[in-house]
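Summary of structural features
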Amino acid sequence: MSSVLTDLCRYPIVQAPMAGGVSCPQLVAAVAEAGGLGFLAAGYKTADGMYHEIKQLRGLTGRPFGVNLFMPQPALADPSAVEVYRHQLAGEAAWYETPLGDPDSGGDDNYDAKLAILLEDPVPAVSFTFGCPTRDTLDAFTGVGTYTVVTVTTPEEAQAAQRAGADAVCVQGIEAGGHQSTHRDDPQTDGTGIGVLSLVTQVRETVQMPVIAAGGLMRGSQITAVLAAGAEAAQLGTAFLVCPESGANPLHKQALTNPLFVRSALTRAFSGRPARGLVNRFMREHGPYAPAAYPQVHYLTAGLRKAAAKAGDAQGMALWAGQGHRLARELPAGRLIELLVEELDAARTAVNTGSTQ
């Protein structure tokens, strides 16, 4: 790993920031204490909520950690398409006995207020999703000693991150669970993402900066593969989602290895942006008709998803998961990192032994 990443974590393992309460302080602390780099997810939180989670986390560990921010989104949604989708979801609102949310609840995710807090009271690392910050913003973080990471899904996005002055890129393959972190949400490119191994190689040949690989990684042998492809570290999300320290809903955790949910797919059904989750009734019924409207659809369906969880109905929840979800292991986060490191070392040994024979 690069010297800076080595300072941030003992092992080349990053716990992905999973919004919605999954990447809570307890999970991040457990990962950090075990030698990985954990990330709090500030997405969908208020600036004050983010600050209190950082404060709580600092009370749990003195080791480095990161905070992930959502970039403000341009107003591209067609209001009429959102209204049509609202009518389509009327039956869901009646079924779960809850009103649909206000799609115009805001598209900036309190970005400026969160920046102000993180610059005034710096954390070791900050990553960005759904776009690339300005050079001024990245330079400001450099000035306070914060390591910056921009999530990218193409070599072109990686180039933009390098031009803006980011310290590293998190290269997200199409296998990844949750939202695809494209810088521009273009419906014409739905489903055309690149697999993580190919993408890491392409990005490594395009930019001169450290690469963190993400996308469907669940085993130490897979970490070995992305490191061999040129990544400095691997970012895992779904693998940590089932840990007892994770803040994920128990129904979500159980669904990952439930034979009822046999595959994952990309959908706009829950948020208006492509995101990978376990295929369930809601996704099948509404995915084909969901408009490209983020975060409007996210706010529209937020109440439905909460009501489904309260009712114990996984068929109405957003069950975000990567393609490797069936490989999930219900272990404490610290033990999971130990096991991943053991597998990583074993895979390296096997490769080295094979190369000398």
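Scroll up a little and you will see the structure.
In this text, all values refer to a predicted model and were calculated from it rather than measured experimentally.

Rules of the game
Residues numbered from 1 in each chain as written. Predicted model: local features only at pLDDT ≥ 70, side-chain atom pairs only at ≥ 80, totals over all residues. Heavy atoms only, no water. 1 Å grid on protein atoms, 1.4 Å probe; cavity = no way out; pocket = protein on both sides within 12 Å on 5 of 7 lines; lining within 4 Å. Points joined across faces, edges and corners; volume = space filled by probe spheres on them. Helix = DSSP H or I, 4+ residues; strand = E, 2+ residues; numbered from the N terminus. Buried < 20%, exposed > 50% of the residue type's maximum accessible area, 1.4 Å probe, protein only. Phe/Tyr/Trp six-rings, centres within 6.5 Å; stacked < 30°, edge-to-face > 60°. Nonpolar A, V, L, I, M, F, W, Y, C, P; charged D, E, K, R; others polar. Pairing = 2+ DSSP bridges. Right-handed = clockwise from strand over helix to strand, strands pointing away. Disulfide = S-S within 2.5 Å.

1. Thoughts on the layout of surface pockets
- For the largest pocket, the calculated volume is near 1200 Å³.
- No other element matches helix α14 (residues 296–310), which puts six residues into the lining of the largest pocket.

2. Comments concerning helix α10 (residues 220–228)
- If you check which residues of α10 are buried, you get Gly-220, Ile-223, Thr-224, Val-226 and Leu-227.
- A positive phi of about 120 degrees marks Gly-230, the residue just after α10.

3. Focus: the packing of aromatic side chains
- Throughout the structure, instances matching the rule amount to six aromatic pairs.
- Aromatic pair Phe-270 and Trp-320: ring centres 5.7 Å apart, planes at 90 degrees, arrangement edge-to-face. You can see Phe-270 sitting in the loop between β10 (264–267) and β11 (275–278) and its partner Trp-320 sitting in the loop between α14 and α15 (333–356), a full 50 residues away along the chain. Across the pair, Trp-320 and Phe-270 agree in class, each one buried.

4. What to know about empty space enclosed by the protein
- Here the structure, examined in full by the defined rule, presents two cavities of 30 Å³ or more.
- The volume enclosed by the largest cavity comes to roughly 60 Å³.
- Taken together, Tyr-44, Phe-70, Met-71, Gln-73, Gly-106, Gly-107, Asp-108, Asp-109, Phe-130, Tyr-294, Pro-295 and Tyr-299 form the lining of the largest cavity.
- Looking at the lining of the largest cavity, its residues break down into seven nonpolar, three polar and two charged.
- In this structure, the second largest cavity encloses a volume near 30 Å³.
- Met-218, Arg-219, Ala-239, Leu-327, Ala-328, Arg-329 and Leu-336 are the residues that line the second largest cavity.
- Its residues assigned to classes, the lining of the second largest cavity shows five nonpolar, no polar and two charged.

5. Structural notes on the pairing of strand β3 (residues 66–70)
- Summarising burial for β3: five of the five residues are buried, a large majority.
- Inspection of the sheet shows strand β2 (residues 37–41) paired to β3 by three bridges, in the parallel sense. Its bridge partner lying in β3, Leu-40 is registered against Val-67.
- Handedness of the crossover joining β2 and β3 through helix α3 (residues 47–58) is recorded here as right-handed.

6. Quick word on the state of the cysteines
- Enumeration according to the criterion identifies zero disulfides in this entry.
- No disulfide involves Cys-132; its sulfur sits 13 Å from that of Cys-170, the nearest cysteine.
- Between Cys-243, a free cysteine, and Cys-24, which holds the nearest cysteine sulfur, the sulfur-to-sulfur gap is 10 Å.
- On the accessibility criterion, Cys-243 (0% relative accessible area) is buried.

Nothing here speaks to function; it is all geometry.
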